[in-house]
Amino acid sequence: MTSEGDDAQDFRVIVEPTARNGLRTRSHVMADKPVTIRRERVGRKIGHLDDGDIARLNVALAFVMGLADSRVTRGAFGISVASCQAAAA
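The structure contained in this document is the topic of the report that follows. (Residues numbered from 1 in each chain as written. Predicted model: local features only at pLDDT ≥ 70, side-chain atom pairs only at ≥ 80, totals over all residues. Heavy atoms only, no water.)

**Observations regarding the nonpolar core**
Burial of nonpolar side chains together is a common tendency in soluble globular proteins.
Here is step 1: Judged by nonpolar contacts, Val13, Val15, Leu23, Val29, Ala31, Leu57 and Ala60 together constitute the single largest core of seven residues.
Here is step 2: For this core, the elements supplying multiple residues, two or more each, are strand S1 (12-15) and helix H1 (51-64).
Here is step 3: If we ignore the near neighbours within four places in the chain, the residues touching Leu57 are Val13, Val29 and Ala31. (Core = buried A, V, L, I, M, F, W, Y, C linked by side-chain atoms within 4.5 Å. Buried < 20%, exposed > 50% of the residue type's maximum accessible area, 1.4 Å probe, protein only. Helix = DSSP H or I, 4+ residues; strand = E, 2+ residues; numbered from the N terminus. Contact = heavy atoms within 4.5 Å.)

**Quick notes on the pattern of salt bridges**
Here is step 1: According to the stated counting rule, one finds three salt bridges in the structure shown.
Here is step 2: For Arg12, the salt bridge goes to Asp32, with nearest N and O atoms at 2.6 Å. Note that Arg12 is positioned in strand S1 and Asp32 in the loop between strand S2 (27-30) and H1, a separation of 20 residues in sequence.
Here is step 3: You can call Arg12 buried: its relative accessible area is 3%.
Here is step 4: With relative accessibility at 23%, the residue Asp32 sits in the partly exposed group.
Here is step 5: A salt bridge links Arg26 to Glu16, with the nearest nitrogen and oxygen atoms 2.7 Å apart. Here Glu16 lies in the loop between S1 and S2 and Arg26 lies in the loop between S1 and S2, a separation of 10 residues in the sequence.
Here is step 6: On the basis of relative accessible area, Arg26 is assigned to the partly exposed category, the value being 43%. (Salt bridge = Lys/Arg side-chain N within 4 Å of Asp/Glu carboxyl O.)

Everything listed here is a matter of coordinates, which is why it stays silent on function.
In structure tokens:
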């Protein structure tokens with residue numbers, strides 16, 4: 001996750017700061033850069049993403065990994081899909 005935008009915006013999910021997610025500034029989940037890290041390197045929990053952010057992240061990850069179906073298109077927030085809102089409901 002980063003708070004700085006860059007050239008890969010089509011694969012970044014924008015997350016606005018809320019009390020629930022604990023972010024202080026608008027951030028981008030970098031779905032285009034999935035990495036594994038050891039459990040002991042994970043810091044303290046600061047919050048939770050809401051269902052809409054998780055749905056958009058799932059779509060972005062499916063697109064990046066080549067698992068998305070033909071309903072996936074590029075949208076204003078990077079990745080969108082017709083069923084994304086239904087998945088978040």
